[in-house]
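Summary of the model geometry
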Amino acid sequence: MRIQVQGISKKYGERMLFSIPSLEIGSGQSLHLQGENGAGKTTLMKILAGLERPSSGSIILNGIDSRSWWKRPHYKVIYLHQTPFVFSGSVSDNVRFGLGYQFSSRRDLDKRVEAVLELAGLTQLAMQEARTLSGGEKQRLALARAAILEPSMLMLDEPTANLDAESIKIVTEMVTSLSAQECCIMLSSHQKTSLTQLCQRQLQLKAGQLLEVFANPEYSKYA
Ligand SMILES: Nc1ncnc2c1ncn2[C@@H]1O[C@H](COP(=O)(O)OP(=O)(O)OP(=O)(O)O)[C@@H](O)[C@H]1O
Ligand SMILES: [Mg+2]
């Protein structure tokens, strides 16, 4: 899996928010996106996830332009909002919802839902009404709902902002497991946590430019 950013820019009226000549992200890579409030992190992640259009340029995934991804539903690029959204129904229903009818048997589906709930530390809460979860629990649920889809790339916008140490540990384990399945992770975060330490690359959006501030030499195979 390879995502290539080809000369994208984003403008709001006369304001040029950013201009990024090139960026390549390979399978299983994890990136920490930094930048001050208003630098454009959320906008960039939404553009990479195909939720917003750049003002110019394009995003290519495995050689295919983002405008055609919808024709290839197995290329799943998911953006998770900082304030997680939950559907009415139980925690388990919420996770199941993502998969719909993709699984051939009810048994397969149940197994998969159970495994993801376990990974998210939500097994005990499986039957609880999802809307009654705490902020941190909702964050883990949103991640579980994304994880069950086996995404190719996952954008996490401030995923640890509301989390305590134990939840950060669980989210770190979930992200590690997704990375091991070759999922690319991009996360924005103002705090340094076990999750940001896991990232092989650090990018910074500053004054409209994207700078690579750190690349862990251990991961030079991705360079
Ligand atoms: N639809 C829009 N019209 C005009 N300006 C916008 C629009 N959407 C975002 N902006 C502006 O673009 C800038 C970047 O916003 P963005 O949400 O991407 O920043 P961010 O880096 O995620 O900030 P934060 O750390 O606060 O989450 C902000 O100054 C914002 O006001
Ligand atoms: Mg933001």
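For the chain, an unreviewed UniProt entry supplies the name ABC transporter ATP-binding protein and the organism Neptunomonas concharum. Heading Sequence similarities (unreviewed entry) of the UniProt record for the chain holds this comment: "Belongs to the ABC transporter superfamily."

**Notes on the packing of helix α2 (residues 91-99) against helix α3 (residues 106-119)**
Running from amino to carboxyl end, α2 crosses α3 at an angle of 120 degrees, the nearest separation of the two axes being 10 Å. Considering the angle they form, α2 stands oblique to α3. Crossing of α2 over α3 shows right-handed handedness. Every residue of α3 that contacts α2 at Val91, Ser92, Val95, Arg96 and Leu99 is listed here: Arg106, Leu109, Asp110, Arg112, Val113, Val116 and Leu117.

**A look at the environment of Val91**
Mapping Val91 onto the fold places it in helix α2. It is 9.8 Å that separates the C-alpha atoms of Val91 and Ala144, two residues lying 53 residues apart in sequence. With near-sequence residues (within four places) excluded, Val91 lies in contact with Leu117, Leu122, Leu125, Ala126, Gln128, Ala130, Leu133 and Leu141.

**Overview of the environment of Val213**
Examined against the element boundaries, Val213 turns out to sit in strand β10 (residues 209-215). Judged by its relative accessible area of 41%, Val213 is partly exposed. Residues Val213 and Gly98, spaced 115 residues apart in sequence, show a C-alpha to C-alpha distance of 35 Å. When residues no more than four places from it in sequence are discounted, the contact partners of Val213 are Gln34, Gln202, Leu203 and Gln204.

**Considerations on the pattern of salt bridges**
Per the stated rule, a full pass over the model turns up 6 salt bridges. Across the pair Glu24 and Arg2 runs a salt bridge whose closest N-O atoms are separated by 2.4 Å. Here Arg2 lies in strand β1 (residues 2-12) and Glu24 lies in strand β2 (residues 15-26), a separation of 22 residues in the sequence. With a shortest N-O distance of 3.5 Å, Lys10 and Glu52 are connected by a salt bridge. One end of the pair, Lys10, is in strand β1; the other, Glu52, is in the loop between α1 (41-48) and β4 (56-61), and 42 residues separate them in sequence. For Lys10, a relative accessible area of 9% corresponds to the buried category.

**Topic: a nonpolar patch on the surface**
Together, Leu211, Val213 and Phe214 make up a nonpolar patch on the protein surface, roughly 220 Å² of accessible area in all. Mapped onto the elements, Phe214 comes out in strand β10. Residue classification places Phe214 among the partly exposed residues on the basis of a relative accessible area of 35%.

About the cut-offs
Residues numbered from 1 in each chain as written. Chains lettered and ligands numbered in written order. Predicted model: local features only at pLDDT ≥ 70, side-chain atom pairs only at ≥ 80, totals over all residues. Heavy atoms only, no water. UniProt positions renumbered as here; feature names shortened; annotations may be inferred. Axes fitted to C-alpha atoms, helices over the stretch in contact; angles between N-to-C directions. Helix = DSSP H or I, 4+ residues; strand = E, 2+ residues; numbered from the N terminus. Parallel < 35°, antiparallel > 145°, perpendicular 65-115°, else oblique. Left-handed = near helix turned anticlockwise from the far one by under 90°. Contact = heavy atoms within 4.5 Å. Buried < 20%, exposed > 50% of the residue type's maximum accessible area, 1.4 Å probe, protein only. Salt bridge = Lys/Arg side-chain N within 4 Å of Asp/Glu carboxyl O. Patch = residues over 30% accessible without salt bridge, like charges linked within 9 Å, V, L, I, M, F, W, Y side chains within 5 Å. Areas by Shrake-Rupley, 256 points an atom, 1.4 Å probe, with all protein chains shown as cover.

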